[in-house]
Amino acid sequence: MNEIADPRIWVTPDKPQEFKLLIDGALESGSSGEWIERSSPAHRAAVSRYPRAGEADAERAVAAAKRAFDDGAWPRLAGAERARILLRVADLIREHRRELALIEALEGGKPVSSVEGEIDVSIDLWEYAASLARHCYGDTYDSLGDKTMGLVLRQPIGVVAMITPWNFPLLILSQKLPFALAVGCTAVIKPSELTSGTALRLGELLLEAGLPGGVANILAGSGSSLGSLLCKHPDVAMVSFTGSTAVGKTISHYAADTLKRLSLELGGKAAQIVFEDADLDAAADKVAFGILHNAGQCCVSGTRLLVQRSIAERFSKTVADLMKSVPFGDPLDPRVKVGPVISRQQYDTITSYIEAGKQEGATLVLGGAANEERNGVAGYFVEPTVFADVAPSMRIAQEEIFGPVLSVIPFDTIADAIRIANGTIYGLATGVWTSNVDTAFQCAREIRSGTVEINTYIAGAAELPLVGHRQSGVGHEKGRFAVEEFTELKTVQFQFGPLKDRWVPRS
Ligand code: NDP
């Protein structure tokens, strides 16, 4: 039997799983005495408990990371040594793949049909980052004149605070942590309060892999208290944040006082552009996937379908039919591909956007309903939804909804498509479907988003950077450029042999 199809593994637990914080190399319950309890958004069963880190815990974690950076072995190890530990972590994640996948399925309401694949992507990121540990280098100048030489060193920036969202907990942390560790940084991590389980469990695996104490510290707590403390802390050199554009802006203010480096991976309003000459069957499938994967709760969710007017009606109907037939319901059922959304708050946000779409005059052609129960499973279920006749200026075409709601916008020419695609405050990802190479290149060049995918969508690779243009972010993650993200340059200039010139005139 295919293991993933074995229903006995994918069940809610009798009692919530308890996790520990990782501070200075020790697993502990923190000092606050308080616990955060997480209920599954699909079954409303209590599935996880995390100790809530207090201010004193955060201070100890930052101090440990600072000590590990200033005086510890980690930044001074050979890249090859660091790589070996990162590879051990990758092996341990692989060994615990099923367990980690179950934690994410329960805490996030993620379909078990996709969750193991996300763990695999995380493993790949750790393995790729390990290769970069041996390729972190600067530059040399032997062209500066006689007996002069310049070295440009590339050095780890220091303690990095990492703050992550709930939608891809281990995967997004794996876009940050192994890359920062690879170049010799140390870290204090705060995952989302809703889905902290895999980050905390990773803490145990880091210790098992031999990561020295203090190099990575993992805390649980809210953004407004713990997160803000880390972003303001004078001993934190950099904040690497993934989350909403609104919180990203707040964090920029926090970080301004101490001029920290910021890496902000923020929201999006991705378009998928479908030209009449495209492979329409493939395009329709990926449009459905692009909006329904993780119930539309991806930063790169293809929430706007820009479709050439000549095929708009036929193509939108094909997409709506596919979306209607996608198995939707209990995420622990291996056949299901679309589960509930993460929380009551998110459910309310999405339903309010569905109302806004109706009020603004868009035509609802699929879904639109939301229910707190589906086939006997209690949860926050929002039906796959499609609006047609959407004007680019409508709120549903401008604002990030973060749910399974697709807005169809017809266009006439390439120039129209590019203008509409670029016509939001965001610039994260765009899909382009065409068989015309000229169209493909023009779109790739002129679309103002950090990623443009041609005839595919949400493919990605560890080698390829994730970049947010405009209000989708600052900086980049993954790829070899991640080395730049977590390092800073230092100029060292040598004069060898006796110095000939004297500044002060001598008699
Ligand atoms: P939020 O911005 O609400 O939260 C993200 C993280 O920030 C959480 O850990 C949260 O803590 C923390 N946080 C909240 N307020 C503060 C604060 N004042 N100071 C410091 N930290 C704070 O985002 P969501 O978790 O709701 O995630 C969804 C968003 O993330 C979407 O906008 C999505 O587009 C974006 N995203 C972007 C990606 C990218 O690569 N560009 C990838 C994935 C998601 P807590 O919630 O525990 O209180």
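A brief look at the structure comes next. No experiment lies behind these values; they were computed from the predicted model shown. (Residues numbered from 1 in each chain as written. Predicted model: local features only at pLDDT ≥ 70, side-chain atom pairs only at ≥ 80, totals over all residues. Heavy atoms only, no water.)

**With respect to the overall build of the protein chain**
- The helix and strand tally for the protein chain stands at 16 helices and 27 strands.
- Here the protein chain has a C-alpha radius of gyration of 24 Å; the compact-globule value for 507 residues is 23 Å, and the two agree.
- Taken over 507 residues, the protein chain has a buried fraction of 55%.
- Of the contacts made within the protein chain by residues no fewer than 6 positions apart, 73% connect residues no fewer than 24 positions apart.
- Carbon together with sulfur atoms contributes 51% to the accessible area of the protein chain, which is approximately 21,100 Å² in total.
- Within the protein chain, the 62 negative side-chain charges are centred at a point lying 4 Å from the centre of the 51 positive side-chain charges. (Helix = DSSP H or I, 4+ residues; strand = E, 2+ residues; numbered from the N terminus. Rg over C-alpha atoms; globule rule 2.2 N^0.38 Å. Buried < 20%, exposed > 50% of the residue type's maximum accessible area, 1.4 Å probe, protein only. Contact = heavy atoms within 4.5 Å. Areas by Shrake-Rupley, 256 points an atom, 1.4 Å probe, with all protein chains shown as cover. Lys, Arg positive; Asp, Glu negative; His and termini not counted. Charge placed at Lys NZ, Arg CZ, Asp CG, Glu CD.)

**Side note on the side chain of Thr-242**
- Among the structural elements, Thr-242 can be located in strand β11 (residues 238-242).
- For Thr-242, the contacting residues outside a window of four places in its chain are Ile-163, Thr-164, Pro-165, Ile-172, Lys-176, Glu-265 and Glu-477.

**A short note on the pairing of strand β13 (residues 271-274)**
- Burial of the side chains of β13 extends over both faces: Ala-271 and Ile-273 are buried on one face and Gln-272 and Val-274 on the other.
- In the sheet, β13 pairs with strand β14 (residues 304-308) via 4 bridges, with the strands oriented parallel. Bridging from a neighbouring strand, Ile-273 pairs with Leu-306 of β14.
- Once you follow β13 into helix α10 (residues 280-292) and on to β14, the crossover reads as right-handed.
- Note: β13 against strand β21 (residues 429-433), 4 bridges, orientation parallel. Across the sheet, Val-274 pairs through a bridge with Trp-433, a residue of β21. (Pairing = 2+ DSSP bridges. Right-handed = clockwise from strand over helix to strand, strands pointing away.)

**Some details on the side chain of Glu-118**
- Looking at the element boundaries, Glu-118 is found in helix α4 (residues 112-132).
- Beyond its immediate sequence surroundings of up to four residues, Glu-118 is in contact with Glu-104, Lys-110, Phe-168, Leu-171 and His-293.

**Details of the site of the ligand**
- What surrounds the ligand is a group of 30 residues, the closest being Thr-164, Glu-193, Ser-244, Leu-266 and Glu-400.
- In the environment of the ligand, an oxygen atom lies 2.9 Å from a nitrogen or oxygen atom belonging to the side chain of Trp-166.
- Contacts to the ligand include Glu-400, whose side-chain N or O atom sits 2.5 Å from an oxygen atom.
- Contact with the protein chains hides 87% of the accessible area of the ligand, taken as 910 Å² for the molecule alone.
- Those elements that place two or more of their residues in the shell around the ligand are α8 (223-232), β11 and α9 (245-256).
- In terms of residue class, the shell around the ligand is built from 14 nonpolar, 12 polar and 4 charged.
- Among the domains, domain 1 (3-266 + 468-490) and domain 2 (271-454) are the pair contributing at least three residues each to the shell around the ligand. (Near = heavy atom within 4 Å. Polar contact = N/O pair within 3.5 Å; in protein donor to acceptor, adjacent residues only side chain to side chain. Nonpolar A, V, L, I, M, F, W, Y, C, P; charged D, E, K, R; others polar. Domains from an automatic or database assignment.)

**Structural notes on the state of the cysteines**
- Under the counting rule described, the total for this entry stands at 0 disulfides.
- Cys-231 forms no disulfide, and the closest cysteine sulfur to it belongs to Cys-185, at a distance of 16 Å.
- Taking relative accessible area as the criterion, Cys-231 reaches 0% and is therefore assigned buried. (Disulfide = S-S within 2.5 Å.)

**Side note on the pattern of salt bridges**
- This model, assessed by the stated rule, comprises 27 salt bridges.
- For Arg-309, the salt bridge identified is with Asp-412, shortest N-O distance 2.9 Å. Placement of Arg-309 in the loop between β14 and α11 (312-325) and of Asp-412 in the loop between β19 (405-411) and α14 (414-421) is noted, with a sequence separation of 103 residues between them.
- The class for Arg-309 is partly exposed, based on a relative accessible area of 46%.
- Between Asp-416 and Arg-419 there is a salt bridge, with the nearest N and O atoms lying 3.1 Å from each other. Here Arg-419 and Asp-416 lie together in helix α14, a separation of 3 residues that amounts to about one turn.
- Judged by relative accessible area, Arg-419 falls into the exposed class, the value being 53%.
- Among the charged side chains, a salt-bridge network with shared partners connects Arg-44, Arg-344, Asp-348 and Glu-372. (Salt bridge = Lys/Arg side-chain N within 4 Å of Asp/Glu carboxyl O.)

**As for the sheet that holds strand β6 (residues 139-141)**
- Strand order in the open sheet formed by 3 strands is β6-β7-β27, with antiparallel pairing between adjacent strands. Every other strand in the sheet has two partners, leaving β6 and β27 (487-495) as the edge strands with one partner each. Here the average twist between neighbouring strands, direction ignored, is 15 degrees.
- With 9 bridges joining them, strand β7 (residues 148-156) and β27 adopt antiparallel strand pairing. In the sheet register, Thr-148 faces β27, and the bridge partner there is Gln-495. (Axes fitted to C-alpha atoms, helices over the stretch in contact; angles between N-to-C directions.)

**Quick notes on the environment of Val-432**
- Tracing the backbone through its elements, the reader meets Val-432 in strand β21.
- Here Val-432 falls in the buried class, since its relative accessible area comes to 0%.
- Distance in space between the C-alpha atoms of Val-432 and Asp-285 is 13 Å, their sequence separation being 147 residues.
- For Val-432, the contacting residues outside a window of four places in its chain are Ile-273, Phe-275, Cys-443, Ile-447, Val-452, Glu-453, Ile-454 and Asn-455.

**Focus: the packing of α8 against α9**
- Two elements in contact, α8 and α9, have axes whose closest approach is 7 Å; the angle formed by their N-to-C orientations is 45 degrees. Regarding the angle of α8 to α9, the classification is oblique. Note on element contacts: α9 touches α8 through Ile-251, Tyr-254 and Ala-255, opposite Ser-228, Cys-231 and Lys-232. (Parallel < 35°, antiparallel > 145°, perpendicular 65-115°, else oblique.)

**Regarding the packing of α10 against α11**
- Axis separation between α10 and α11 bottoms out at 9 Å; the angle between their running directions is 50 degrees. Regarding the angle of α10 to α11, the classification is oblique. The handedness of the crossing between α10 and α11 comes out as right-handed. Here Leu-280, Ala-283, Ala-284, Asp-285, Val-287, Ala-288, Ile-291 and Leu-292 of α10 lie close against α11, whose contacting residues are Arg-314, Phe-315, Thr-318, Val-319, Leu-322 and Met-323.
- Within the contact of α10 with α11, the residues separate by chemical class into 11 nonpolar, 1 polar and 2 charged. (Left-handed = near helix turned anticlockwise from the far one by under 90°.)

These values are about where atoms sit, not about what they do.
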